[in-house]
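Secondary and tertiary structure notes
Residue strings, one per chain:
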Amino acid sequence: MTSHKTAQTMKPATAAKKLGVYLEATPTEFQEGVVSRTELNALQTDPPEWLQELRRNGPHPRPVVAAKLGVSISGLARGGITEALTTEQIESLKQEAPDWLQQERATQAEVRKEAVRIKEKNADRADRSDDQRS
């Protein structure tokens, strides 16, 4: 008995998410097809020109926009950014530094500081727990 392996495939939306690109900006054949794991790996290791261009200039999906601006996706929404942005638009926002962006960056910095504090606290607890067992 031999098992017949079928290629693992994913919807274009999933593949676009994994590639970090905005689905609606991808070529039609990408949007309308399915993507195998092998094809995805090939796109990641040797991206075609259209993928390089999208990654370089956008439009970028909200998670990428949020990362480039140093805010959360929720922070983008609070700032009124609900659509994909190009690299040029992101740079323009950085230059303008509107109040909402400054506030969201400060909030994000606090969240990161708190995450580090909790991680250190848990590591300290684990160390003390290990010392008590010895």
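Criteria and thresholds
- Residues numbered from 1 in each chain as written.
- Predicted model: local features only at pLDDT ≥ 70, side-chain atom pairs only at ≥ 80, totals over all residues.
- Heavy atoms only, no water.
- Buried < 20%, exposed > 50% of the residue type's maximum accessible area, 1.4 Å probe, protein only.
- Helix = DSSP H or I, 4+ residues; strand = E, 2+ residues; numbered from the N terminus.
- Arc of directions from axis to C-beta.
- Contact = heavy atoms within 4.5 Å.
- Salt bridge = Lys/Arg side-chain N within 4 Å of Asp/Glu carboxyl O.

Further remarks concern helix α7 (residues 87-96). Among all positions in α7, only T87, I90 and L93 are buried. Buried residues of α7 fall within an arc of 125° about the axis and therefore sit on the same side. Away from the buried face of α7 by more than 90 degrees, exposed residues E88, Q95 and E96 are located. Among the residues trailing α7, A97 stands out with phi positive, at a value near 45°.

In an α-helix there are 3.6 residues to a turn, and that puts residues three or four apart on one side. Within helix α5 (residues 62-69), burial applies to V65, A66 and L69. Each buried residue of α5 lies within a common arc of 100° when the element is viewed along its axis, so the set occupies one face.

This paragraph deals with the side chain of S36. Tracing the backbone shows S36 in strand β2 (residues 35-36). Excluding anything up to four places from it in sequence, S36 contacts A7, Q8 and T9.

Throughout the structure, instances matching the rule amount to six salt bridges. E49 serves as the salt-bridge partner of R56, at 3.4 Å between the closest nitrogen and oxygen. A salt bridge links R117 to E114, with the nearest nitrogen and oxygen atoms 2.6 Å apart. With R117 and E114 both in helix α8 (residues 99-133) and three residues apart, the pair spans about one turn of that helix. The partly exposed category is assigned to R117, whose relative accessible area is 42%. Through salt bridges that share partners, E49, E53 and R56 make up one connected network.

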